[in-house]
Amino acid sequence: MRLGPPGDYLLPLPDGVEHVPDVPIGRGGTQTLHAEIVRLRVRPAAPSPVVIWLHGGGWAEGNRRRMFERVFHLAAAGYVCVAAEYRLSGVAPFPAQLLDVQCVIRWIRAHATELGVDPLRVGLWGASAGAHLAALSALRPDRGYDGDEYEEPHTYVQAVVDFFGPTDLLTAGEFEGGVVSRFEHRSANSFEGRLLGGDLKEYFPAAHKASPLNWVGPGAPPFLIMHGAKDDVVPVSQSRRLHEKLLAAGVDSTLVVIPEGTHGTAEWEPVSLSAPKAFFDRVLKG
């Protein structure tokens, strides 16, 4: 899916930063996958850390340029940023999306010298469905859907920023504190059902495997998790539970709950840009 000219950005492209569009990175099934690269025009002498952006849209909508402007300030600070394409649920059911995220990580490592990046300083940043894929990929690197191992190069990452992502698909419809869900979450026509290929009652094992919460363990990379307390699409409890389980496993995890935030309404506030940058600077640059 080629997107054509970039058009207007929601945030301005900073001076000294270039956007390289429509870069082929591999194949997902019969589909060629592409990425957008945003980086300094003048390459630093030393290899740069890299951050991969994964868009939201319920795994069913959107494209790699959706909200990718969030990474522009990281590119201005010397990161190489890659907004990655993954197959949507209408094209292929899970685990296609996970495999496509693993594909871009592998592609970056295979082309690290050409890209000018450090293959051991890779971060993932996703929103909503993209955050689910970022967390899941980080927590089960080099494992296929049925436990088979992938070929080299490996797909371990060193940092994750999770913006209001689902972490347990089986409880994604359980809201608290008077919040009423904007969508239903268990039928075959729900976002979760379309991702897995059917009603969650019938696809319980698949939903369990596709839930990041079930893959938390020691050795996971550091996480920054941000969520709105009034989110009516993904319950804030999804992020709280992930954070608590990461801490219990001895993993570096930070949770930021935006008191008045709903599903993404606080995304352009300063904290939603400054907090991820400070986190990536600490983990990938420090």
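Structure first, text after, so check above.
The rules behind these values
- Residues numbered from 1 in each chain as written.
- Predicted model: local features only at pLDDT ≥ 70, side-chain atom pairs only at ≥ 80, totals over all residues.
- Heavy atoms only, no water.
- Helix = DSSP H or I, 4+ residues; strand = E, 2+ residues; numbered from the N terminus.
- Expected span 1.5 Å × (residues − 1).
- Buried < 20%, exposed > 50% of the residue type's maximum accessible area, 1.4 Å probe, protein only.
- Pairing = 2+ DSSP bridges.
- Axes fitted to C-alpha atoms, helices over the stretch in contact; angles between N-to-C directions.
- Contact = heavy atoms within 4.5 Å.

Chemist: Can you help me understand helix H8 (residues 270-285) in this one?
Modeler: In this model H8 runs 21 Å from its N-terminal to its C-terminal C-alpha over 16 residues, within 8% of the 22 Å that 1.5 Å per residue would give. Within H8, the full set of buried residues consists of Ser272, Leu273, Ala275, Pro276, Phe279, Phe280 and Leu284.

Chemist: Explain the sheet that holds strand S4 (residues 80-84) here, please?
Modeler: Backbone hydrogen bonds are what pair the strands of a sheet, in a parallel or an antiparallel way. Taken in spatial order, the 8 strands make up an open sheet running S1-S2-S4-S3-S5-S6-S7-S8, and their pairing is mixed. Edge strands, defined here as strands with exactly one partner in the open sheet, are strand S1 (17-28) and strand S8 (253-258). Neighbour-to-neighbour, the strand axes of this sheet turn through a mean angle of 20°, independent of strand direction. Note: strand S3 (residues 48-54) against S4, 4 bridges, orientation parallel. When the bridges of S4 are listed, Val51 appears paired with Cys81. Seen against the sheet, helix H2 (residues 96-110) touches S1, strand S2 (31-40), S3, S4 and strand S5 (117-127) and runs at an angle of roughly 115° to S1. Together, S3, S5, strand S6 (159-163) and strand S7 (223-228) form the strand contacts of helix H4 (residues 129-139), whose direction differs from that of S5 by roughly 140°.

Chemist: I tried to follow the pairing of S6 on my own but got confused; where do I start?
Modeler: Here is the key point about a regular strand: its side chains alternate between the two faces of the sheet. Counting buried positions along S6 gives 5 out of 5 residues, so the element sits mostly inside the fold. Burial along S6 is two-sided: Ala159, Val161 and Phe163 facing one way and Val160 and Asp162 facing the other are all buried.

Chemist: Honestly, the pairing of S7 in this entry has me stumped. Any pointers?
Modeler: Burial of S7 is extensive: 6 of the 6 residues sit out of reach of the surface. Inspection of the sheet shows S6 paired to S7 by 4 bridges, in the parallel sense. From the neighbouring strand, Asp162 faces S7, where its bridge partner is Ile225. Two strands pair when backbone bridges link them, and S7 and S8 are joined in this way by 6 bridges, in the parallel orientation. In the strand pairing of S8, Leu224 is matched with Thr254.

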